[in-house]
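Here is how the chains run, residue by residue.
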Amino acid sequence: MPTPSTRPRSVQFAPDFAWGVATSSYQIEGGSSPDLRGESVWDSFCRKPGAVFENHHGGVACDHYNRYAEDVRILKAMGVKNYRLSIMWPRVMKEGTGQVNAAGLAFYDRLIDCLLEHGITPWVTLFHWEYPLALYNRGGWLNRDSAEWFGQYATAVVERLSDRVTNWMTINEPQVFLQLGHADGKHAPGVQLPLRETLLASHNALRAHGRGVQAIRAAAKRPATVGWAPVGHVSYPIDNDPANVDAARAATFAITQKQLWNNTWFADPVCLGCYPEDGLRLYGSEVPSHPVADMDLINQKLDFYGVNIYSGACVQAAPAGSATPWQSVAAPQGHGRNTMDWLLAPDALRYGPRFLWERYRLPIIITENGTCSTDWVDLDGRMLDLQRIDYTRRYLLALADAVDDGTNVKGYFHWSFLDNFEWAEGYKQRFGMVHVNYATQRRTPKLSAWWYRRVMQSRGASLTEPVLLDANAYAPQQEHADVVR
Ligand code: IFM
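Cut-offs and rules
- Residues numbered from 1 in each chain as written.
- Predicted model: local features only at pLDDT ≥ 70, side-chain atom pairs only at ≥ 80, totals over all residues.
- Heavy atoms only, no water.
- Near = heavy atom within 4 Å.
- Polar contact = N/O pair within 3.5 Å; in protein donor to acceptor, adjacent residues only side chain to side chain.
- Areas by Shrake-Rupley, 256 points an atom, 1.4 Å probe, with all protein chains shown as cover.
- Phe/Tyr/Trp six-rings, centres within 6.5 Å; stacked < 30°, edge-to-face > 60°.
- Helix = DSSP H or I, 4+ residues; strand = E, 2+ residues; numbered from the N terminus.
- Buried < 20%, exposed > 50% of the residue type's maximum accessible area, 1.4 Å probe, protein only.
- Pairing = 2+ DSSP bridges.
- Axes fitted to C-alpha atoms, helices over the stretch in contact; angles between N-to-C directions.

## Concerning the site of the ligand
Now for step 1: The environment of the ligand is made up of Gln 27, His 128, Trp 129, Asn 172, Glu 173, Tyr 310, Trp 342, Glu 368, Trp 415, Glu 422, Trp 423 and Phe 431.
Now for step 2: In this structure, a nitrogen atom belonging to the ligand sits 2.8 Å away from a side-chain N or O atom of Glu 173.
Now for step 3: The separation between an oxygen atom of the ligand and a polar side-chain atom of Glu 422 is 2.6 Å.
Now for step 4: Surface burial for the ligand is 96%, taken as the share of its 280 Å² of free accessible area covered by protein chains.

## Observations concerning the packing of aromatic side chains
Now for step 1: This structure, assessed with the given rule, holds 42 aromatic pairs.
Now for step 2: Seen from their ring centres, Phe 127 and Phe 150 are 6.5 Å apart, and the 85° between their planes marks the pair as edge-to-face. Of this pair, Phe 127 sits in strand E3 (residues 121-127) while Phe 150 sits in helix H7 (residues 146-161); the two residues are 23 residues apart in sequence, bridging distant segments of the chain.
Now for step 3: Phe 127 sits in the buried class, given a relative accessible area of 1%.
Now for step 4: On the accessibility criterion, Phe 150 (0% relative accessible area) is buried.

## Things to note about the sheet that holds strand E6 (residues 235-237)
Now for step 1: Overall, mixed pairing links the three strands, which are arranged E6-E8-E9 in an open sheet. Looking at the sheet topology across the chains shown, the edges are occupied by E6 and strand E9 (326-328). Taken over all neighbouring pairs, the strand axes of this sheet differ in orientation by 50° on average, direction set aside.
Now for step 2: Here three bridges tie E6 to strand E8 (residues 313-317), and the two strands are oriented parallel to one another. From the neighbouring strand, Tyr 236 faces E8, where its bridge partner is Cys 314.

## What about unusual backbone geometry?
Now for step 1: Residue Pro 189 is bonded to the preceding Ala 188 through a cis peptide linkage, with omega at 5°.
Now for step 2: By the secondary structure assignment, Pro 189 is in the loop between helix H8 (174-183) and helix H9 (195-219).
Now for step 3: Of note, the bond from Trp 415 into Ser 416 is cis; its omega dihedral lies within 30 degrees of zero at 15°.
Now for step 4: Mapping Ser 416 onto the fold places it in the loop between strand E11 (409-415) and strand E12 (434-437).
Now for step 5: Despite not being glycine, Ala 61 has its phi angle at roughly 50°, a positive value.
Now for step 6: Even without being a glycine, Arg 459 presents a positive backbone phi close to 55°.
Now for step 7: On the secondary structure map, Arg 459 appears in the loop between helix H16 (447-457) and helix H17 (477-483).
Now for step 8: Owing to a relative accessible area of 28%, Arg 459 belongs among the partly exposed residues under this scheme.

What follows is the structure, given as structure tokens:
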């Protein structure tokens, strides 16, 4: 552990590979006064004392609502050509359904126009966890109408933006908002429902995904490229011995526990039109019955499989007669971990995309990958985030291995562009390539921002070069001056 990767001696991603960075609305926008938008479950969750680290909330966050033009200039200086953002449902419809909030859609209009003026292609996610509070009070994801409510919202967004936006994602990380939010109570809405109800909520969220795809295809003014962005829950092999690779594949697609941290309970219905047999057996009578037509709704044709991969679990083939064909391989003592305690596991980005491509035959886009730290700007005004660079370099080299293995990977979005509100961790964890001082809202691109610029410009070729410690080596000094006020 981990696999001594067969690193290619030279790396070169395809010319049409989509390089980018990602954010989400509540995590960066601010602009939260009642005249600007309605409330989501995250607004109310953050008001619960102790729910979020030091009672932080996203009321102001990075003030991107007011500073988006400056942020787009930074994206441009970083050489970013693709930007994944999300739309906040209660900003578009304060009550979640019915009347459209003109000010809300106008904000996304301005943002999209600004991106396009700077030569940056928007990739838009419709749901990154801000479920409208008004609809939560009507049953939330437990209410079957959720799918239709989401469809109406999606239609309003697509009607307005699809003359300029062609890349769409429906829902982000259903495993997280359903398991952490509805079973563990650690994310909004902060409830601990029994398995039967979390499975019902999951089923309705999947129906909403399907309804969202339909809405995008029906309302799009230009040909739409549609995907989603679930968590990639990856097991990877200790080495590339075929028996260990088979074991890792089996572990990646298994459901072994009565909770939602898995791939197939979500991806099989979306991509194959059925719930997986092992999940049906394990969850048993807890699985809510549903009309057959629900699967047709969920199983809409997608153009890509977006996936968010940060870490993974190392496995090897188990001895014959074991309960499962794989067994865990413990990380060596002191193995790299980030400040969220997530294990460094670059080979998750080699084998995760490969296994998903093999099973679902949809082009893969890494819609999120990155790491956190507790960065601060040094006395010389620099932010030398060498661990983020090394993490990203290792993962991108592993992704290059995936491509060499024959995996159809079409893009990579680093999480995140800006430091931002990291949900229950508040502002403690910093995932950005650009540091944000939340007291002054000053942005300081970290060394990783300039390093990544060179990676994107060289289509990955620079990944095999040693890392330089001077931002000027990656971007002309004037460009730093332009974005650092
Ligand atoms: O910040 C989150 C993001 O909202 C969803 N994916 C994981 C990121 C890091 O935890």
